[in-house]
Amino acid sequence: MDLLITNIKSLLLTETEPRPYAAGNHMAELSSVENAWLYIAGGKIAGFGVMDGPELAGIQRSKPGLHKIPAEGKLVMPAFCDSHTHLVYAGSRELEYMDKIRGLSYEEIAKRGGGILNSAALLQSTPEEELYQQSLSRVLEIMQLGTGAVEIKSGYGLSTEAELKMLRVIRRLRETTPIDIKATFLGAHSFPLAYREDPDRYVDLVVEEMIPAVAEAGLADFIDVFCDRGFFTVPQTERILEAGITNGLKPKIHANELDFSGGIQTGVKYRAQSVDHLEFTGDEEIQCLLDSGTMPTLLPGASFFLGLKYAPARKMMEAGLPVALASDFNPGSSPSGDMKFIMSLGCIQLRMLPEEVLHAVTINTAYAMGLQETHGTICRGKKANVIITRDVPGLAYLPYAYGSDLIDTVILGGEILSPGP
Ligand code: NIG
Ligand code: FE
């Protein structure tokens, strides 16, 4: 259905010349149109402008039956792009949540065989249909929260069969929902207990069996590794990335969440689309990321939930880097896919301005999953993935009112999402 949104208080993040991402000072420069209209045709953004301009009258004359949405007092902006999630998982881990409240750290829980291994055991025994249904409800939830494109990782299988099961679920979610989905193979998320004494044997399994099977079935776009202290080392990460690249998968890795792991440098060396987490980022890492084409992606939801330190977002932007913010939606370190809350954490904890944060959750995350040409801004020809807010004073009110539901209407591919149950 073609749509005309009229009398928009402020149409945010408009572009006439598409840019792949916004970096450094440019992240604070938000291009917008006040008292605007937005025309959506054939599922794409077909035009926008000011209400009293001549173009609007032309559209209304030539398309008399056009479905109109009045948006007085409301903001219209690109739907969120969430470039880092693990939302296909079985069950939940609130028992570990209580262990954390009592004082155990994320690493201590992992060392006891909990954490990722806990989710892996449950996932392995969960039938594929059940895993799909649980994951579908999370996808439907984030769509209502305004997310229009999402990356989903495997990594709770940790056996060839269970990893393939996860990736098939991701493919089915892509086929059955209007959200745009990119799939990432993360067989190297943790070492199964049986390999703890000889972790390189698990790397052999990932490289020799899992990656070829995933590539053969065409189930993934990206390859990921948890390159950090206590998880995969730099040489192990390099082996896995090389195998992934040989099999047509682009790197996109977990790095520097728990320590200065060398993960950022490794990601850049292998031309990763993004390096994610980055709580431990110093001058050397920043220098390495500059002009690399690799998107630094911060996951403040994990710092919030685990009580860890936050990544140095301001320092990165001051150095001229782009910064992307994603949810990390997963059962262990960030059990939420609410990107509006991620905006709030970006403002309060990372000290980013609302304008910077908006770029970080739209165009920069679109880039972090290779979708920058079709997603992330209000630009003619891009996919019509758009949010209409409730009546709000302005952009800053969205992260400010951090617990309020301020998303009124979500439009994905030009179709209005019906409100959830
Ligand atoms: O991105 N850091 C590694 N992996 C996930 C957590 C996964 C889990 O604990 O289940 C993350 O935070
Ligand atoms: Fe993650």
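Analysis parameters
Residues numbered from 1 in each chain as written. Chains lettered and ligands numbered in written order. Predicted model: local features only at pLDDT ≥ 70, side-chain atom pairs only at ≥ 80, totals over all residues. Heavy atoms only, no water. Helix = DSSP H or I, 4+ residues; strand = E, 2+ residues; numbered from the N terminus. Buried < 20%, exposed > 50% of the residue type's maximum accessible area, 1.4 Å probe, protein only. Contact = heavy atoms within 4.5 Å. Areas by Shrake-Rupley, 256 points an atom, 1.4 Å probe, with all protein chains shown as cover. Near = heavy atom within 4 Å. Polar contact = N/O pair within 3.5 Å; in protein donor to acceptor, adjacent residues only side chain to side chain. Nonpolar A, V, L, I, M, F, W, Y, C, P; charged D, E, K, R; others polar. Domains from an automatic or database assignment. Buried area = accessible area lost by both parts, 1.4 Å probe. Salt bridge = Lys/Arg side-chain N within 4 Å of Asp/Glu carboxyl O. Donors = N, O, S within 2.8 Å, 3.2 Å for Na, K, Ca; no water. Phe/Tyr/Trp six-rings, centres within 6.5 Å; stacked < 30°, edge-to-face > 60°.

> Honestly, the overall build of the protein in this entry has me stumped. Any pointers?
Across its full length, the protein holds 16 helices and 19 strands. Projected onto its principal axes, the C-alpha coordinates of the protein cover approximately 70 × 45 × 45 Å. Per-residue burial for the protein yields a buried fraction of 60% across its 421 residues. Look at the contacts in the protein between residues 6 or more apart in sequence, and 73% of them connect residues 24 or more apart. Carbon and sulfur atoms provide 52% of the accessible area of the protein, an area that totals close to 16,100 Å².

> Whenever I open this one, the side chain of serine 333 confuses me. Can you help?
Relative to the assigned elements, serine 333 resides in the loop between strand S15 (324–325) and helix H13 (339–348). Apart from residues no more than four positions distant in its own chain, serine 333 is found in contact with Tyr106, Gly301, Ala302, Phe305, Leu306 and Asp328.

> Sorry, what's going on with the site of ligand 1 here?
Close contacts around ligand 1 come from 15 residues, with Tyr106, Tyr156, Glu257, Asp328 and Ser333 the closest. In the model, an oxygen atom of ligand 1 is placed 2.9 Å from a nitrogen or oxygen of the histidine 277 side chain. Between ligand 1 and aspartate 328, the relevant distance is 2.8 Å, taken from an oxygen atom to a side-chain nitrogen or oxygen of the residue. Burial of ligand 1 by the protein chains amounts to 100% of its free accessible area of 330 Å². For the shell around ligand 1, a count of residues per class yields four nonpolar, eight polar and three charged.

> Sorry, what's going on with the domain arrangement of the protein here?
How big an interface is tends to be stated in terms of the accessible area lost upon association of its parts. Under the domain assignment used here, the protein contains domain 1 (3–79 + 378–416) and domain 2 (80–368). Distance between the C-alpha centres of domain 1 and domain 2: 30 Å. Taken residue by residue, the interface counts 33 residues in domain 1 and 34 residues in domain 2. Summed over both sides, the interface between domain 1 and domain 2 buries roughly 2,500 Å², with carbon and sulfur atoms accounting for 70% of that surface. Counting across the interface, domain 1 meets domain 2 through one salt bridge. Its salt-bridge partner being lysine 383, residue aspartate 180 comes within 2.8 Å of it at the nearest N-O pair. Joining domain 1 to domain 2, the criterion identifies eleven residue pairs in polar contact (both at pLDDT 80 or more). Where the side of domain 1 that touches domain 2 is concerned, the elements lending two or more residues are strand S6 (74–78), helix H16 (397–400) and strand S18 (407–412). Broken down by element, the side of domain 1 that touches domain 2 gets its largest block of residues, three residues, from S18.

> Honestly, the side chain of asparagine 330 in this entry has me stumped. Any pointers?
If you trace the backbone, asparagine 330 turns up in the loop between S15 and H13. Asparagine 330 gets classed as buried once you look at its relative accessible area, which sits at 4%. Among the polar contacts listed, one links the side chain of asparagine 330 to the backbone oxygen of aspartate 328, at a separation of 2.6 Å. Here serine 333 takes part through its backbone nitrogen, which lies 2.7 Å from a polar atom of the side chain of asparagine 330. Leaving out residues up to four positions away in the same chain, asparagine 330 has contacts with His86, Tyr89, Tyr156 and Pro335.

> Would you mind going over the coordination of the iron ion (ligand 2) with me for this structure?
Tetrahedral coordination by four donors places them ideally at 109.5 degrees to one another around the metal; octahedral coordination by six donors ideally gives 90 or 180 degrees. The coordination sphere of the iron ion (ligand 2), as far as protein atoms go, consists of His84 (NE2), His86 (NE2), His254 (NE2) and Asp328 (OD), spread over 2.1 to 2.4 Å. In terms of primary sequence, the donors binding the iron ion (ligand 2) are separated according to H-x1-H-x167-H-x73-D. Taken together, the positions of histidine 86 in the loop between strand S7 (80–85) and helix H2 (94–101) and aspartate 328 in the loop between S15 and H13 put the pair 242 residues apart, joining distant regions of the chain. For the pair shown, histidine 86 and aspartate 328 are each scored as buried.

> Would you mind showing me how to read the pattern of salt bridges here?
When charged atoms on two side chains of opposite charge get close, those side chains can pair. Taken as a whole, this structure holds 24 salt bridges when the rule is applied. Salt-bridge contacts for glutamate 318 lead to arginine 314; the nearest nitrogen and oxygen are separated by 3.7 Å. One end of the pair is glutamate 318 and the other is arginine 314, both in helix H12 (residues 313–318) and four residues apart, which spans about a single turn. On the basis of relative accessible area, arginine 314 is assigned to the partly exposed category, the value being 26%. We note a salt bridge from arginine 390 to aspartate 405, for which the minimum N-O separation is 3.0 Å. Taken together, the residues span a long stretch of sequence, with arginine 390 in strand S17 (residues 386–391) and aspartate 405 in the loop between H16 and S18 at a distance of 15 residues.

> How do you make sense of the packing of aromatic side chains when you look at a structure like this?
Two numbers describe a pair of aromatic rings. These are the distance of the centres and the angle of the planes. Applying the stated criterion to the full structure yields ten aromatic pairs. For the pair tyrosine 89 and phenylalanine 329, a centre-to-centre distance of 6.3 Å together with 75 degrees between the ring planes defines the contact as edge-to-face. Of the two residues, tyrosine 89 sits in the loop between S7 and H2 while phenylalanine 329 sits in the loop between S15 and H13, which places them 240 residues apart along the sequence. When sorted by exposure, tyrosine 89 lands in the same class as phenylalanine 329, which is buried. Between phenylalanine 191 and tyrosine 202, the ring centres sit 6.2 Å apart and the planes meet at 75 degrees, which makes this aromatic pair edge-to-face. With a gap of eleven residues between them, phenylalanine 191 in the loop between strand S9 (180–188) and helix H7 (199–216) and tyrosine 202 in helix H7 connect regions that are remote in the sequence. Summarising the burial analysis for this pair, phenylalanine 191 and tyrosine 202 share the class buried.

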